[in-house]
Amino acid sequence: MKALVALILLVQLPIHKAVPAAPPAPLGCDDPESEAIAEVAVNYINGHSHHGYKFALNRIEDIRVVPQGPNNDIIFLELDLLETKCPILSPTPLANCTVRSFAEHAVEGDCDVKLQKVDGTLSVLASKCHSHADSSEDIRKVCPDCPLLANLNNTEVLETVSAALNDYNSKTTESYLRLLEIGRAKIQYHPGHVVVTEFSVGATNCSAEEAKANVGACQLLPEDQSNFGFCTAVMVKLPSQDLQVDCQLYGHQVPAPNIPLLSQDTSAGLAPSAAGFTNHNLGLAHNNPVASESSSSEILRSMLSAKSVRKRAVAEAAQHDKVPRPVGFVPPPPPCPGKIRHFDI
């Protein structure tokens, strides 16, 4: 009888089921962890870009974490970047690079990046970027008299760069410099006619004096001796004629592993490729062979899905805002997109 009572009591005892752990809260675009992930992505983008200028983070548009297993996450980032004044080969750390102002005809970069985080270590699996200059109409609204970006194959731009290089090489006692690429150019017509250019250069194996005898034999220094630099030139055509040139060489730099230097064109005069780059060259498409998906288009599909989810969330939040709130109630900020660090274009 006692055994039967004990059995009945045992059956009546409540059974405590294991409650599954709640999924982690989604990362917000301004969370410290998100900003740390974005920093890794931006450094990667700048490290694998071979033309133009370094880009700085302006805003984290979206972040999505997809767990793959214990201590293993796939992270999708959508970033807005802004062009800085530091050429891509400049040794200046990104933190010390000045973002170009809106009135300077700002250039924005849009990047989608896929990363993996394993045991706390981040690595970039794939990335896709494109960039564009702000519209002329937007610039005119803020600064009606500011000169706009000119096409890099503009005749006046090419003439100014050629004259600037010839002028510099004729006065230097150091290495003869060759053009690598034209980075930016502007032409002002009023009140004076002025052409302003920015371009990257490389030192050759000839001195400026030796180049006078046979410039065609002068070639860029090999990678283990490379010395790149950056020049600005201002050509005043009216009311007077004047040319000012300033070049700064960086000294030899050892490139990071698997990151090639700029293509070394050894042709005389203007490199054909120099006139072909756009003012806002941030074209970047990379897919790590160890990534689980073989095509970087997977990033775009995932980001488009994330954008649609975000739009629905914004719409739902707008509906909730119509519900009466207690006086003094301040709704929490949306997790994404994040804050604008510089300006919106």
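Going by an unreviewed UniProt entry, the protein carries the name FETUA protein and comes from Aegithalos caudatus. According to the UniProt record, the Subcellular location (unreviewed entry) comment for the protein reads "Secreted".

**Remarks on the overall build of the protein**
Scanning the protein from terminus to terminus reveals six helices and nine strands. For the protein, with 345 residues in total, the buried portion stands at 40%. When contacts within the protein are restricted to residue pairs at least 6 apart in sequence, those whose partners lie at least 24 apart make up 72%. Roughly 19100 Å² of accessible area belongs to the protein as shown, and the carbon and sulfur atoms make up 57% of that amount.

**Section: the nonpolar core**
Judged by nonpolar contacts, the single largest core of 25 residues is most densely connected at Ile63, Leu77, Leu79, Leu81 and Val113. Contributions of two or more residues to this core are made by helix H2 (32-48), strand E1 (53-69), strand E2 (72-87), strand E3 (107-118) and strand E4 (121-133). The dominant element in this core, judged by the number of residues it contributes, is H2, at six residues. Setting aside residues no more than four positions away along its own chain, leucine 81 makes contact with Val42, Ile45, Phe55, Ala56, Leu57, Asn58, Val107, Glu108, Gly109, Cys111 and Leu282.

**Observations concerning unusual backbone geometry**
In this chain, histidine 190 is followed by proline 191 through a cis amide linkage whose omega measures 0°. Looking at where proline 191 falls in the secondary structure, it is placed in the loop between strand E5 (175-188) and strand E6 (193-207). At the junction of cysteine 336 and proline 337, the peptide bond is cis and its omega measures out at -5° in the coordinates. As for its position among the elements, proline 337 is in the segment after helix H6 (297-320). Its identity as a non-glycine residue notwithstanding, asparagine 71 has a phi of 55°, on the positive side. On the secondary structure map, asparagine 71 appears in the loop between E1 and E2. Unlike most non-glycine residues, histidine 105 shows phi in positive territory, near 65°. Inspection of the secondary structure puts histidine 105 in the loop between E2 and E3.

**A few points about the packing of aromatic side chains**
On inspection of all chains with the given rule, the structure shows two aromatic pairs. Seen from their ring centres, tyrosine 53 and phenylalanine 230 are 6.2 Å apart, and the 80° between their planes marks the pair as edge-to-face. Note that tyrosine 53 is positioned in strand E1 and phenylalanine 230 in strand E7 (residues 228-238), a separation of 177 residues in sequence. Using a relative accessible area of 2% as the deciding quantity, one classes tyrosine 53 as buried. Ring plane angle 90° and centroid distance 5.9 Å describe the contact between phenylalanine 102 and phenylalanine 343, whose orientation is recorded as edge-to-face. Remark: phenylalanine 343 occurs in the segment after H6 and phenylalanine 102 occurs in the loop between E2 and E3; sequence separation between them is 241 residues.

**Description of helix H4 (residues 155-171)**
With 17 residues, H4 extends 25 Å between its outermost C-alpha atoms, agreeing within 8% with the 24 Å of an ideal straight helix rising 1.5 Å per residue. When H4 is considered as a whole, its buried residues turn out to be Glu156, Val157, Thr160, Val161, Ala164, Leu165 and Asn169. For H4, the secondary structure elements touched by its buried residues are E5, E6, helix H5 (208-213), E7 and strand E8 (242-251). Its side-chain oxygen 2.8 Å from the backbone nitrogen of glutamate 156, asparagine 154 forms the N-cap of H4.

**As for the state of the cysteines**
The tally for this structure, following the rule as stated, stands at six disulfides. Bridging cysteine 29 to cysteine 336, the disulfide has an S-S length of 2.0 Å. One quick way to see it: the torsion about the S-S bond of cysteine 29 and cysteine 336 is about 100°, and its sign makes the bridge right-handed. Taken together, the positions of cysteine 29 in the loop between helix H1 (2-12) and H2 and cysteine 336 in the segment after H6 put the pair 307 residues apart, joining distant regions of the chain. Accessibility assignment for this pair places cysteine 29 and cysteine 336 in one class, buried. Here cysteine 231 connects covalently by a disulfide to cysteine 247, the sulfurs 2.1 Å from one another. One quick way to see it: the torsion about the S-S bond of cysteine 231 and cysteine 247 is about 115°, and its sign makes the bridge right-handed. Of the two residues, cysteine 231 is situated in strand E7 and cysteine 247 in strand E8; the sequence distance between them amounts to 16 residues.

**Side note on the pairing of E3**
Each regular strand carries side chains that alternate between the two faces of the sheet. One ladder, built from 11 bridges, connects E2 with E3; its direction is antiparallel. Across the sheet, aspartate 73 pairs through a bridge with lysine 117, a residue of E3. Sheet analysis places E3 next to E4, joined by 12 bridges and oriented antiparallel. Along E4, the bridge assignment pairs lysine 114 with alanine 126. Taking the residues that link successive antiparallel strands as the turn, the E3-E4 hairpin has two residues, and the phi of aspartate 119 there is positive, at about 50°.

So, how was this worked out
Residues numbered from 1 in each chain as written. Predicted model: local features only at pLDDT ≥ 70, side-chain atom pairs only at ≥ 80, totals over all residues. Heavy atoms only, no water. UniProt positions renumbered as here; feature names shortened; annotations may be inferred. Helix = DSSP H or I, 4+ residues; strand = E, 2+ residues; numbered from the N terminus. Buried < 20%, exposed > 50% of the residue type's maximum accessible area, 1.4 Å probe, protein only. Contact = heavy atoms within 4.5 Å. Areas by Shrake-Rupley, 256 points an atom, 1.4 Å probe, with all protein chains shown as cover. Core = buried A, V, L, I, M, F, W, Y, C linked by side-chain atoms within 4.5 Å. Phe/Tyr/Trp six-rings, centres within 6.5 Å; stacked < 30°, edge-to-face > 60°. Expected span 1.5 Å × (residues − 1). Polar contact = N/O pair within 3.5 Å; in protein donor to acceptor, adjacent residues only side chain to side chain. Disulfide = S-S within 2.5 Å. Pairing = 2+ DSSP bridges.

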